[in-house]
Amino acid sequence: MSASSDEPQEPSGQPGDVPLDALREFMREQVEERSLREVAGEVGIGKDAVRSFAEGDARPYSQTVQKVREWYVREVHAAHREHGQPPVRPYAPLGT
């Protein structure tokens, strides 16, 4: 039997698979679409940390990166459920 359409496509959707530049870009987009405060609440970090992370001001703490990666995967999977799109954000073009 073929794989379920609910399963993530490559990349695997694991938090560690998402490049830092893609996370920063995604966070900037989300802050622009919604608000700094809303994104900070969803990620579980302060709004100043969101701003600093999105702008790439400094090397983020590993715990912050982990929280952002987990939030990213949750957001992508939520978009999949809502819109019926594959649960993968096309971040590959960042490396090209």
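Above this note sits the structure.
Residues numbered from 1 in each chain as written. Predicted model: local features only at pLDDT ≥ 70, side-chain atom pairs only at ≥ 80, totals over all residues. Heavy atoms only, no water.

A. How the structure looks around the overall build of the chain. On a plain count of helices and strands, the chain comes out with four helices and zero strands. Order of helices (α) and strands (β) in the chain, N terminus to C terminus: α-α-α-α. Evaluated residue by residue, the chain yields a buried proportion of 30% over its 96 residues. For the chain, the proportion of contacts with a sequence separation of at least 24, taken over those separated by at least 6, is 67%. Total accessible area on the chain is roughly 6,300 Å²; 48% of this is exposed by carbon and sulfur atoms. (Helix = DSSP H or I, 4+ residues; strand = E, 2+ residues; numbered from the N terminus. Buried < 20%, exposed > 50% of the residue type's maximum accessible area, 1.4 Å probe, protein only. Contact = heavy atoms within 4.5 Å. Areas by Shrake-Rupley, 256 points an atom, 1.4 Å probe, with all protein chains shown as cover.)

B. Broad picture of the nonpolar core. Judged by nonpolar contacts, the single largest core of 19 residues is most densely connected at M27, V43, V50, V68, W71 and Y72. Per-element accounting of this core gives the leading share, six residues, to helix α4 (residues 62–83). When sequence neighbours within four positions are dropped, the list of residues in contact with V43 reads M27, K67, V68, W71 and R74. (Core = buried A, V, L, I, M, F, W, Y, C linked by side-chain atoms within 4.5 Å.)

C. Fine view of helix α1 (residues 20–33). Between its terminal C-alpha atoms α1 stretches 20 Å, which fits the 20 Å expected from 14 residues at 1.5 Å a residue. Taken as a whole, α1 has its buried residues at A22, L23, R24, F26, M27 and Q30. (Expected span 1.5 Å × (residues − 1).)

D. Quick look at the environment of Q63. Residue position: Q63 is located in helix α4. Judged by relative accessible area, which is 57%, Q63 ranks as exposed. For the pair Q63 and I45, spaced 18 residues apart in sequence, the C-alpha separation works out to 9.8 Å.

E. View of the environment of F53. Locating F53 in the fold gives a position in helix α3 (residues 47–55). Considering only alpha carbons, one finds F53 and V68, 15 residues apart in sequence, at a separation of 9.2 Å. Every residue in contact with F53, bar those within four places of it in the chain, is listed here: L20, L23, R24, M27, P60, T64, V65 and V68.

F. Focus on the packing of α1 against α3. Where α1 meets α3, the closest approach of the two axes is 8 Å, and the angle between their N-to-C directions is 125°. As far as their axial angle goes, α3 and α1 are oblique. The hand of the α1/α3 crossing is left-handed. Seen from α1, the contacting residues are L20, L23, R24, M27, R28 and V31; seen from α3, they are V50, S52, F53 and A54. Residue classes in the contact of α1 with α3 are distributed as seven nonpolar, one polar and two charged. (Axes fitted to C-alpha atoms, helices over the stretch in contact; angles between N-to-C directions. Parallel < 35°, antiparallel > 145°, perpendicular 65-115°, else oblique. Left-handed = near helix turned anticlockwise from the far one by under 90°. Nonpolar A, V, L, I, M, F, W, Y, C, P; charged D, E, K, R; others polar.)

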